[in-house]
Amino acid sequence: MSDQGIGARVLRKEDKRFITGKGKYTDDIIEPNQAYAAFVRSPHAHAIIKSIDSSAAEAMDGVEAVLNGQQLTGDAIGNIICGWGITSKDGSPMNMGAWSALATDKVRYVGDAVAVVIADSRAQAQAAAEAVMVDYDVLPATSNVLAAMKEGAPQIHENAPGNLIFDWEIGNKDETDAALATAHHKTTMDITNNRLSPNPMEPRSAVATFNEADDHYTLYTTSQNPHVARLVLSAFYNVAPEHKLRVIAPDVGGGFGAKIFIYPEEIVCLWASMKTNRSVKWTSSRSEAFLTDAHGRDHVSTATMGFDKDNNIVGFKINTKANLGAYMSLFSSSVPTYLYATLLSGQYNIANVYCDVQTYYTNTVPVDAYRGAGRPEAAFLVERMMETAARELGVDPGELRRQNFVTQFPHQTPVIMAYDSGDFAGNLDEAKAAADVAGFPARKAEAASRGKLRGLGYSNYIEACGIAPSAAVGSLGAGVGLWESAEVRVNPVGTIEILTGSHSHGQGHETTFAQLVSERFDLPTENIQIVHGDTDKVQFGMGTYGSRSGAVGMSAISKALDKVEAKVKKIAAHVLEASEDDIIIEGGEVKVKGTDKAMGWHEVGLSAYTAHNLPEGMEPGLKEGAFYDPTNFTFPAGCYICEVEVDPATGVTEIVQFTASDDFGTIINPMIVEGQVHGGITQGIGQALMEHAVYDDGGQLLSGSYMDYCMPRADDVPNYTVSHHSTVCPGNPLGMKGCGEAGAIGSPPAVINAITDAIGNNNLHMPATPSRVWAAIQQVSAAHAAE
Amino acid sequence: MTKISMTVNGKARSVDVPDNTLLVDFIRENLRLTGTHVGCDTSQCGACVVHVDGQAVKSCTMLAAAAQGAEVTTIEGVAAGKDDLHPMQTAFKENHGLQCGFCTPGMIMTATDMVKRYKEAGKTLDEHAIREELEGNICRCTGYHNIVKSIADGASKMA
């Protein structure tokens with residue numbers, strides 16, 4: 001069979017254009033008669049807009065137009081919506097506040113767009129934006145949930161009293177309380193999950209063109225899901241009906257969730273193109289990205305886990321308060337609810353779990369999905385609790401986990417999920433062996449001789465990918481279906497185009513998707529082209545997020561390939577005068593098994609299109625499509641072991657070893673999967689050690705550039721030891737689980753568990769910066785001194 | 001407006017641009033060489049690295065006018081011929097040293113510069129040195145693991 005099929009380390013087809021500088025990203029596009037947009041943004045976190053004076057800006061060189069929110073709403077452009085409805089405990093719907101792409105009466109965070117200047121050049125637009133005079137009546141502001149929920153806090157949206165968006169729950173409260181009341185040991189912790197800025201390296205960008213003659217719009221945009229963008233722009237924002245709007249997401253330089261959502265800028269560029277009859281381009285600066293790209297995480301939780309006298313978990317109760325920012329972004333409500341609390345059973349058999357979640361508005365940029373989206377928050381909470389409980393109980397943290405592992409599948413947790421497969425002990429054993437846990441005491445002693453504190457931490461994460469089936473997520477509040485579509489076009493010469501509703505922004509779909517076809521038809525990947533990211537080419541699709549492109553996207557391709565295969569066999573059986581059951585496809589030929597009768601793969605393609613000799617009643621052509629709706633989520637899981645050395649004099653943490661054993665189900669291209677894990681772990685280490693999006697109490701962003709927001713760099717992270725111990729996912733035809741987010745989900749607790757082990761103080765929050773670690777060390781030293 | 005003349009990837013180029021035009025904008029907007037990218041506005045990310053008179057430079061932090069008369073090489077000009085790849089480009093492909101590709105041109109320009117400098121100084125470019133030398137280039141996708149591997153491999157291929 002094909003040596004480029006499933007499991008092969010095929011080098012990427014897409015690389016050549018990227019390594020030669022020939023990638024085509026949105027900002028690389030220049031349309032004829034193109035103008036540039038620059039946004040006038042609020043410098044205040046919370047203020048009433050009293051008036052806007054654009055006269056000076058309008059008179060400046062090159063300025064085409066200055067447009068504001070009153071004009072936008074006057075043209076019936078709709079408010080930005082959240083697409084996942086959450087119902088509170090008391091049955092009331094969530095309190096979604098109005099969000100206009102350009103603010104009309106009030107601004108609610110620093111960076112809220114108030115007006116836009118359209119000018120001949122970027123510099124002219126920026127200069128004129130500076131000259132737009134906005135008169136504000138500044139209001140008191142609030143930037144974190146603990147302040148926002150206080151009585152008397154500034155009210156951000158009229159329809160959300162107390163800034164409360166919803167108060168939601170999952171699991172069984174009474175039974176969990178009862179279980180905890182009888183517990184032999186209880187571990188209780190306050191856990192925060194730090195606020196992050198996603199930071200794909202390509203800033204967001206949009207180029208919108210209104211073609212007046214055809215009454216048609218084209219939008220190039222940095223999107224992970226161009227069809228979802230078109231749907232929302234059309235159905236909710238009234239920019240244009242779908243058949244009059246083409247959305248193209250060309251090469252996209254990373255997404256990590258931040259490019260799922262439809263932001264004000266895309267809406268405004270489309271509308272401004274119609275107003276000015278010019279192409280309008282906007283490209284975010286990094287400073288704008290920090291202010292306006294949806295942030296991630298920002299949870300404050302309290303959790304209690306109870307154990308019986310044999311150290312079995314009997315109950316787990318969690319309260320979480322989540323900051324959703326100034327407005328509800330597209331999937332913001334699903335992140336601290338169904339993508340989070342449904343994973344709070346972890347890898348463990350826990351009969352009773354209860355979680356309630358309150359979400360609040362604050363005067364900060366909206367918070368939404370960022371790599372992992374809810375699952376990192378759950379994994380961090382569960383795995384910090386397990387490690388802490390093991391220390392309190394005086395047992396080995398790996399063994400406490402092992403004795404509580406789910407071992408029988410399917411396993412129904414108390415929080416919706418039905419785990420379908422896994423071998424958690426297998427991952428633990430593989431990681432322990434690779435990390436040489438047995439040799440740790442000797443390494444710790446050796447480090448101590450150098451004056452370093454060495455620590456080891458575990459994380460046995462589980463997460464959920466390929467959110468589905470559509471009917472189930474619909475019943476939980478999702479406004480969309482979460483299937484995927486694919487079309488397989490076999491050309492008359494036998495080459496193949498695969499049209500997919502998934503979108504690649506670094507994941508390597510042009511290679512892995514081609515490998516799937518290569519495996520099926522034993523064809524070289526160079527004969528297979530993957531087409532994605534253009535609503536005019538691909539009929540529909542839900543895009544790429546939640547590690548869904550393998551389990552859902554490739555399953556759709558697989559289904560379409562089934563249909564193509566069936567037709568190929570019918571044609572060959574007819575031409576070769578054999579039974580369909582005897583037809584096999586291999587080595588570029590379609591053959592009759594056990595005979596020398598064969599036709600070339602390309603000859604079948606040609607036969608389908610010449611239609612000179614097809615079976616009675618068969619339609620000409622060789623093109624099939626499929627929609628695939630999964631039967632369940634998939635459940636990637638694994639064990640991460642982190643080993644650190646802390647310098648007690650400076651509080652600096654060095655990650656000296658990081659070992660991963662993941663269960664991703666079937667792996668198409670191990671090279672690409674390992675790359676996803678490396679990148680994910682690095683983002684997790686970034687969250688654990690250095691990244692923090694910080695607002696001051698008045699809502700000013702303090703971490704507004706790479707000078708203040710600490711991104712992991714090459715000398716902050718180690719080489720990784722990554723391996724796979726997989727069980728096949730029974731829920732999809734390829735047995736895949738998804739690998740895109742696991743690294744970012746599983747790694748933060750491993751890092752913090754390792755540092756707290758090293759320093760002997762469990763009171764440490766992310767990011768564990770040198771100053772925080774140093775202070776935690778001093779706290780222990782002071783306690784020892786007092787004894 | 002100022003007439004800016006320089007040699008870019010071996011070709012003499014001359015364009016009238018506003019005085020405050022940055023070298024990166026001159027390259028991207030005026031010459032339409034869009035392989036050089038802009039990832040930040042504080043000279044931190046390194047997506048815009050090009051070579052000016054043989055030295056790696058962040059082109060977002062240099063005025064085009066300051067490169068008047070210079071020899072500039074961008075990612076589009078590193079390979080020997082039209083159908084060739086530079087050994088460092090090949091190394092990035094063979095070691096999966098890129099994912100979304102946005103930081104890649106800057107990484108490759110930084111990498112070739114670092115290899116050249118270490119060779120000239122007779123110093124060893126080991127993993128630790130590569131990681132420290134990458135201080136000015138941010139990648140959000142790869143976790144650097146395979147970039148470090150690519151540069152070590154590219155360095156051996158450039159030998």
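Scroll up a little and you will see the structure.
These numbers come from a predicted model, not from an experiment. (Residues numbered from 1 in each chain as written. Chains lettered and ligands numbered in written order. Predicted model: local features only at pLDDT ≥ 70, side-chain atom pairs only at ≥ 80, totals over all residues.)

Draft legend 1. Geometry of the overall build of chain B. Check the secondary structure of chain B and you find five helices and five strands. When the helices and strands of chain B are read in sequence order from the N terminus, they spell out β-β-α-β-β-β-α-α-α-α. On the principal axes, the C-alpha backbone points of chain B span a range of 45 × 30 × 30 Å. Looking at chain B as a whole, 54% of its 159 residues are labelled buried. Taking as baseline every contact in chain B between residues at least 6 positions apart, the subset at least 24 positions apart corresponds to 61%. (Helix = DSSP H or I, 4+ residues; strand = E, 2+ residues; numbered from the N terminus. Buried ≥ 20, exposed ≤ 12 C-beta atoms within 10 Å, placed from the backbone. Contact = placed C-beta atoms within 7 Å.)

Draft legend 2. Fine view of helix α20 (residues 770-786) of chain A. If you check α20 of chain A, its first and last C-alpha atoms are 24 Å apart, about what 17 residues at 1.5 Å a residue would give, namely 24 Å. Looking at the buried side of α20 of chain A, the elements it contacts are β26 (637-646), β27 (653-663) and α19 (742-759) of chain A. (Expected span 1.5 Å × (residues − 1).)

Draft legend 3. The arrangement of the nonpolar core in detail. Residue and element names in this part refer to chain A. Within the largest apolar cluster, 292 residues are counted, with the highest numbers of intra-cluster contacts made by Ala-37, Val-116 and Val-117. No other element matches the eleven residues that helix α16 (residues 549-575) contributes to this core. With residues near it in sequence (within four places) discarded, Val-116 still touches Ala-37, Phe-39, Val-40, Leu-67, Leu-102, Val-268 and Ala-272. (Core = buried A, V, L, I, M, F, W, Y, C linked by C-beta atoms within 7 Å.)

Draft legend 4. Spotlight on the environment of Tyr-25 of chain A. On the secondary structure map, Tyr-25 of chain A appears in the loop between α1 (15-19) and β1 (34-41). Note: C-alpha distance between Tyr-25 of chain A and Ala-249 of chain A (224 residues apart in sequence) is 8.4 Å.

Draft legend 5. The interface of chain A and chain B, seen in detail. Opposite the 40 residues of chain A that make contact, chain B presents 41 residues. If you list the elements that add at least two residues to the side of chain A that touches chain B, you get α1, α9 (286-292) and α18 (670-689) of chain A. A total of seven residues in the side of chain A that touches chain B trace back to one element, the largest contributor, which is α18 of chain A.

Draft legend 6. Up close: the packing of α18 of chain A against α19 of chain A. All names here are of chain A. α19 packs onto α18 with a crossing angle of 40° between their chain directions and a minimal axis gap of 7 Å. The angle between α18 and α19 falls in the class oblique. Considering only the axes of α18 and α19, their crossing is right-handed. Residues Gln-676, Val-677, Gly-679, Gly-680, Ile-681, Gln-683, Gly-684, Ile-685, Gln-687, Ala-688 and Leu-689 of α18 lie in contact with α19, whose contacting residues are Ala-742, Gly-743, Ala-744, Gly-746, Ser-747, Pro-748, Val-751 and Ile-752. (Axes fitted to C-alpha atoms, helices over the stretch in contact; angles between N-to-C directions. Parallel < 35°, antiparallel > 145°, perpendicular 65-115°, else oblique. Left-handed = near helix turned anticlockwise from the far one by under 90°.)

Draft legend 7. Region of the structure containing the sheet that holds β1 of chain A. Residue and element names in this part refer to chain A. Taken in spatial order, the seven strands line up as β3-β5-β1-β12-β9-β10-β11 in an open sheet, and their pairing is mixed. Two strands in the sheet have a free side with no partner beyond their single neighbour: β3 (63-68) and β11 (245-248). Sheet twist, expressed as the mean angle between neighbouring strand axes with direction ignored, is 20°. By the bridge criterion, six bridges tie β1 to strand β5 (residues 113-119) in an arrangement that is antiparallel. (Pairing = 2+ DSSP bridges.)

Draft legend 8. Structural detail: the pairing of strand β28 (residues 721-724) of chain A. Residue and element names in this part refer to chain A. As paired strands, β27 and β28 are joined by four bridges and run parallel to one another. Residue pairing across strands places Asp-662 opposite His-724, the latter belonging to β28. Read as a crossover between parallel neighbours, the route from β27 over α18 to β28 is right-handed. (Right-handed = clockwise from strand over helix to strand, strands pointing away.)

Draft legend 9. Molecular detail of helix α3 (residues 104-121) of chain B. All names here are of chain B. In this model α3 runs 25 Å from its N-terminal to its C-terminal C-alpha over 18 residues, within 8% of the 26 Å that 1.5 Å per residue would give. For α3, every residue scored as buried is listed here: Thr-104, Pro-105, Gly-106, Met-107, Ile-108, Met-109, Thr-110, Ala-111, Thr-112, Met-114 and Val-115. At the exit of α3 stands Gly-122, carrying a positive phi of roughly 70°.

Draft legend 10. Expanded view of the packing of α16 of chain A against helix α17 (residues 601-610) of chain A. All names here are of chain A. Interaxial distance between α16 and α17 falls to 10 Å at its minimum, and their mutual angle equals 90°. Taken together, the axes of α16 and α17 are roughly perpendicular relative to one another. Across the interface between the two elements, Val-568, Ile-571, Ala-572 and Val-575 of α16 pack against Val-604, Ser-607 and Ala-608 of α17. When its residues are assigned to classes, the contact of α16 with α17 shows six nonpolar, one polar and no charged. (Nonpolar A, V, L, I, M, F, W, Y, C, P; charged D, E, K, R; others polar.)

Draft legend 11. The sheet that holds strand β19 (residues 484-490) of chain A, seen in detail. Residue and element names in this part refer to chain A. Reading across from one edge, β21-β20-β19-β25 is the order of the four strands in this open sheet, with mixed pairing throughout. Looking at the sheet topology across the chains shown, the edges are occupied by β21 (528-531) and β25 (623-628). Looking at each pair of strands side by side, their axes are set apart by 15° on average, direction ignored. Judged from the six bridges that link them, β19 and β25 form a sheet pairing that is antiparallel. Among the inter-strand pairings, Glu-484 is bridged to a residue of β25, identified as Tyr-628. Along the sheet face, helix α15 (residues 509-521) touches β20 (496-500) and β21 and points at about 130° away from the line of β21.

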